[in-house]
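One-letter residues, chain by chain:
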Amino acid sequence: MASGHILVAFTFLALVSLVLASDSSPLQDFCVAIDEPKDAAEDFLLKGLNIPGNTSNQLGSFVTPANVAQLPGLNTLGISLVRIDYAPYGLNPPHTHPRATEALVDLEGTLYVGFVTSNPDNRLITKVLYEGDAFVFPEGLVHSQFNVGKTKAVAFAGLSSQNPGVITIANAVFGSNPTISDDVLAKAFQVDKKVVDRLQAQFGTDIN
Ligand SMILES: *[C@@H]1O[C@H](CO)[C@@H](O)[C@H](O)[C@H]1NC(C)=O
């Protein structure tokens, strides 16, 4: 019967899309993502995460990534990490990781952290972290960390993807290339176009 076949087909599609909704489990021990493997052990080693990132920038923070781009041995393994340095009052601004949950450990300093749940609640979940505290940012949710102490802060975080991706909200919305129409943004944010233009000037990456 045709309707029966359609039901079976839809069920199959639903199962396939479920399976594809996250990093799949590794099919083998590893699969290093480089054309010509050098000394194999080197593909699993990354040095230098003891070195603080340079936080002399407008936000006062710096993220040092250790994903599959820096550490080829992570390929297919569904995990990566970052080091984050914060100057006093430095901010890692609101952003999301489209492909990963993040588990962050505060190693030094005091961080005001939080994330916002999805629509319709958009509930803000926050905590102040002290040395040794850990916090979780669920996959895809907008989150940030703000150093509220008078001293520098350092955190490390594990992410549940070899390539978590980062979407920084301000840059994606106001600094896209080419820019999103100010008609769209003025309406979306319910503000005057002048406000949009100012934000676009602030976050524009158009340096050509
Ligand atoms: C840090 O970055 C600033 C701004 O780009 C630069 O002037 C400074 O030399 C850098 N410091 C170090 C130690 O690299």
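In this text the structure is predicted, and so the values were computed from the model without any measurement.

Engineer: How should the UniProt feature "binding site: oxalate" (unreviewed entry) in the chain be read in this particular structure?
Structural biologist: Here, UniProt's "binding site: oxalate" (unreviewed entry) annotation points to Asn92, His97 and Glu102. As for the largest pocket, its lining draws on Asn92, His97 and Glu102 from among the annotated residues. Tracing the chain through its elements places His97 in the loop between β3 (91-96) and β4 (102-108). Non-local contacts of His97, meaning those with residues more than four positions away in its chain, are made with Glu102, Glu139, Gly140, His143, Leu159, Pro164, Gly165 and Val166. For Glu102, the location among the structural elements is in strand β4. In this structure, Glu102 is in contact with Ile84, His95, His97, Phe135, Val136, Phe137, His143, Gln145, Ala157, Gly158 and Leu159, ignoring residues within four places of it in sequence.

Engineer: What is the right way to look at the nonpolar core in this model?
Structural biologist: Within soluble globular proteins, side chains that are nonpolar generally end up buried alongside one another. With 16 residues, the main nonpolar core has Tyr86, Leu104, Leu111, Val113, Leu129, Phe135 and Phe137 as its most contacted residues. Only β2 (80-86), β5 (111-116), β7 (134-137) and β9 (153-159) provide two or more residues apiece to this core. The element best represented in this core is β9, accounting for four residues. Setting aside its immediate chain neighbours within four residues, Leu104 contacts Ile84, Tyr86, Leu111, Leu129, Asp133, Ala134, Phe135, Phe137, Gln145, Ala155, Phe156 and Ala157.

Engineer: Teacher, can you tell me more about the pattern of salt bridges here?
Structural biologist: Pairs may arise between side chains of opposite charge once their charged atoms sit close together. Applying the stated rule across the entire model yields three salt bridges. Lys152 is the salt-bridge partner of Glu108, the closest N and O atoms lying 3.4 Å from each other. Taken together, the residues Glu108 in strand β4 and Lys152 in the loop between β8 (142-147) and β9 connect sequence positions 44 residues apart. Put simply, Lys193 and Asp183 hold a salt bridge, and the shortest N to O gap is 2.5 Å. With Lys193 in helix α4 (residues 193-203) and Asp183 in helix α3 (residues 182-189), this pair connects stretches of sequence that are ten residues apart. Among the residues examined, Lys193 registers a relative accessible area of 36% and is labelled partly exposed. Using a relative accessible area of 46% as the deciding quantity, one classes Asp183 as partly exposed.

About the thresholds
- Residues numbered from 1 in each chain as written.
- Predicted model: local features only at pLDDT ≥ 70, side-chain atom pairs only at ≥ 80, totals over all residues.
- Heavy atoms only, no water.
- UniProt positions renumbered as here; feature names shortened; annotations may be inferred.
- 1 Å grid on protein atoms, 1.4 Å probe; cavity = no way out; pocket = protein on both sides within 12 Å on 5 of 7 lines; lining within 4 Å.
- Helix = DSSP H or I, 4+ residues; strand = E, 2+ residues; numbered from the N terminus.
- Contact = heavy atoms within 4.5 Å.
- Core = buried A, V, L, I, M, F, W, Y, C linked by side-chain atoms within 4.5 Å.
- Buried < 20%, exposed > 50% of the residue type's maximum accessible area, 1.4 Å probe, protein only.
- Salt bridge = Lys/Arg side-chain N within 4 Å of Asp/Glu carboxyl O.

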